[in-house]
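Coordinate inspection notes
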Amino acid sequence: MCHRSNRVFPSILQGTFRIAHNICPSTLRNFVQRRSDVSIKVKDFLHVTEQLEYRLGSVLADEYDFGSAKQINGLFGDLVNRTPFSADEAIVYSRLVNDRNLIVHHGGAYTLKYAYQNFPPHEIPSKVFDYGITVGISDVLKAAEFLRGIAKKLTVASRDALVEFAEAGGLSMADAQQGAISMMDEDDWKFDQRDGSGKSS
């Protein structure tokens, strides 16, 4: 369901992770304290030596998988002490990912794996292979709105976390950093119901 949104969404979250660290490099201390295996390839390091502290986030983000709610919550929890998915939202997101994978890899036809995860045992024999998932416009819009809501919540929460982090550590931010944080403002999120796109004011 919502193939394009589920393909783009992890990239949006990865970008938010990248930006959060690049705005406030000191957040890396939190991250490495909680993840002892953090590492960067030397060949990648050589490409970001200029203004290194403001580019490490871009390199680091590429090392992690942002595919599941658990992975996303873990990464942002370790970086900025924020988790975008509640328990209920994680379940919804997992279902969206499963639906998307079913459509992309199996043409929407129910597989045994999908049936085991989503149907009671007595319905499995009648569902598998002969039937498939049905997705309407309302389903796509609902999924897009859900994903947009998570992205918005994470962006605003990350902004607040960065401000709190800087204040708690007595850190001063340059104009460029402050400008970047201001672009994460909640009022910049506008939604056009006609095409499901976020619009910046």
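These numbers come from a predicted model, not from an experiment.

**Examining the overall build of the chain**
The helix and strand inventory of the chain stands at 10 helices and 2 strands. Secondary structure elements in the chain, listed N-terminal to C-terminal, are α-α-α-α-α-α-α-α-α-α-β-β. Looking at the chain as a whole, 37% of its 201 residues are labelled buried. For the chain, the proportion of contacts with a sequence separation of at least 24, taken over those separated by at least 6, is 65%. Only carbon and sulfur atoms are counted for the fraction: they give 53% of the accessible area of the chain, which is about 11700 Å².

**Describing the nonpolar core**
Counting 32 residues, the largest nonpolar core has Phe 9, Phe 17, Phe 66, Phe 76, Tyr 93 and Leu 162 as its most contacted members. Secondary structure elements with two or more residues in this core: α1 (3–23), α4 (56–61), α5 (69–80), α6 (87–106) and α9 (137–168). By size, the runner-up hydrophobic cluster in this structure holds 8 residues, among which are Tyr 110, Tyr 114, Phe 119 and Ile 133.

**Description of the packing of aromatic side chains**
Counted according to the given criterion, the structure contains 10 aromatic pairs. Relative to Phe 76, the ring of Phe 17 has its centre 5.7 Å away and its plane inclined at 85 degrees; by these criteria the two rings are edge-to-face. Taken together, the residues Phe 17 in helix α1 and Phe 76 in helix α5 connect sequence positions 59 residues apart. Accessibility classification places Phe 17 together with Phe 76 in one group, the buried group. Aromatic side chains Phe 85 and Tyr 93 sit 5.0 Å apart centroid to centroid with 35 degrees between the ring planes, which places their arrangement in the tilted category. Neither Phe 85 nor Tyr 93 differs from the other in exposure class; each is buried. In textbook terms, an aromatic cluster arises when at least three aromatic residues are bridged by ring pairs, as seen for Phe 17, Phe 31, Tyr 64, Phe 66 and Phe 76.

**As for the pattern of salt bridges**
Applying the stated criterion across every chain, the model contains 7 salt bridges. Arg 95 is the partner of Asp 99 in a salt bridge, and the nearest nitrogen-oxygen pair spans 3.4 Å. On the criterion of helical spacing, the pair formed by Asp 99 and Arg 95 is a turn pair, its members being 4 residues apart in helix α6. The residue Arg 148 makes a salt bridge to Glu 145 at a minimum N-O spacing of 3.7 Å. Here the residue Arg 148 and the residue Glu 145 both occupy positions in helix α9, the gap between them amounting to 3 residues, near one helical turn. Looking at Arg 148, the relative accessible area reads 15%, which means it is buried. Residue class for Glu 145 comes out partly exposed when judged on its relative accessible area of 33%.

**Some details on the confidence of the model for the chain**
Confidence along the chain averages 80 in pLDDT terms, with 82% of residues attaining 70 or more. Highest mean pLDDT in the chain belongs to α5 (93); lowest belongs to strand β2 (residues 197–199) (44). Low pLDDT (under 50) marks residues 1–6, which in the prediction has 20 contacts with non-local residues, meaning those over four places away or in another chain. Note on residues 191–201: pLDDT is under 50 here. Beyond four places in sequence and across chains, it has 16 contacts.

**Here we look at the side chain of Ser 26**
The residue Ser 26 is located in the loop between α1 and α2 (27–34) in this model. Dropping the residues within four chain positions of it, Ser 26 is found in contact with Phe 165 and Leu 171.

**Comments concerning the environment of Phe 66**
If you trace the backbone, Phe 66 turns up in the loop between α4 and α5. Sequence spacing of Phe 66 and Ser 11 is 55 residues, and the spatial spacing of their C-alpha atoms is 7.8 Å. Look past the residues within four positions of Phe 66 in its chain and what remains in contact with it is Pro 10, Leu 13, Gln 14, Phe 17, Ala 61, Gln 71, Ile 72, Leu 75, Phe 76 and Tyr 93.

**Comments concerning the packing of α2 against α5**
Remark: α2 packs on α5, axes separated minimally by 6 Å, with the N-to-C direction vectors making an angle of 125 degrees. Judged on the interaxial angle alone, α5 and α2 are oblique. Residues Thr 27, Asn 30, Phe 31 and Arg 34 of α2 lie in contact with α5, whose contacting residues are Leu 75, Gly 77, Asp 78, Leu 79 and Val 80. Along the lines of polarity and charge, the residues of the contact of α2 with α5 split into 4 nonpolar, 3 polar and 2 charged.

What counts and how
Residues numbered from 1 in each chain as written. Predicted model: local features only at pLDDT ≥ 70, side-chain atom pairs only at ≥ 80, totals over all residues. Heavy atoms only, no water. Helix = DSSP H or I, 4+ residues; strand = E, 2+ residues; numbered from the N terminus. Buried < 20%, exposed > 50% of the residue type's maximum accessible area, 1.4 Å probe, protein only. Contact = heavy atoms within 4.5 Å. Areas by Shrake-Rupley, 256 points an atom, 1.4 Å probe, with all protein chains shown as cover. Core = buried A, V, L, I, M, F, W, Y, C linked by side-chain atoms within 4.5 Å. Phe/Tyr/Trp six-rings, centres within 6.5 Å; stacked < 30°, edge-to-face > 60°. Salt bridge = Lys/Arg side-chain N within 4 Å of Asp/Glu carboxyl O. pLDDT = per-residue confidence, 0-100. Axes fitted to C-alpha atoms, helices over the stretch in contact; angles between N-to-C directions. Parallel < 35°, antiparallel > 145°, perpendicular 65-115°, else oblique. Nonpolar A, V, L, I, M, F, W, Y, C, P; charged D, E, K, R; others polar.

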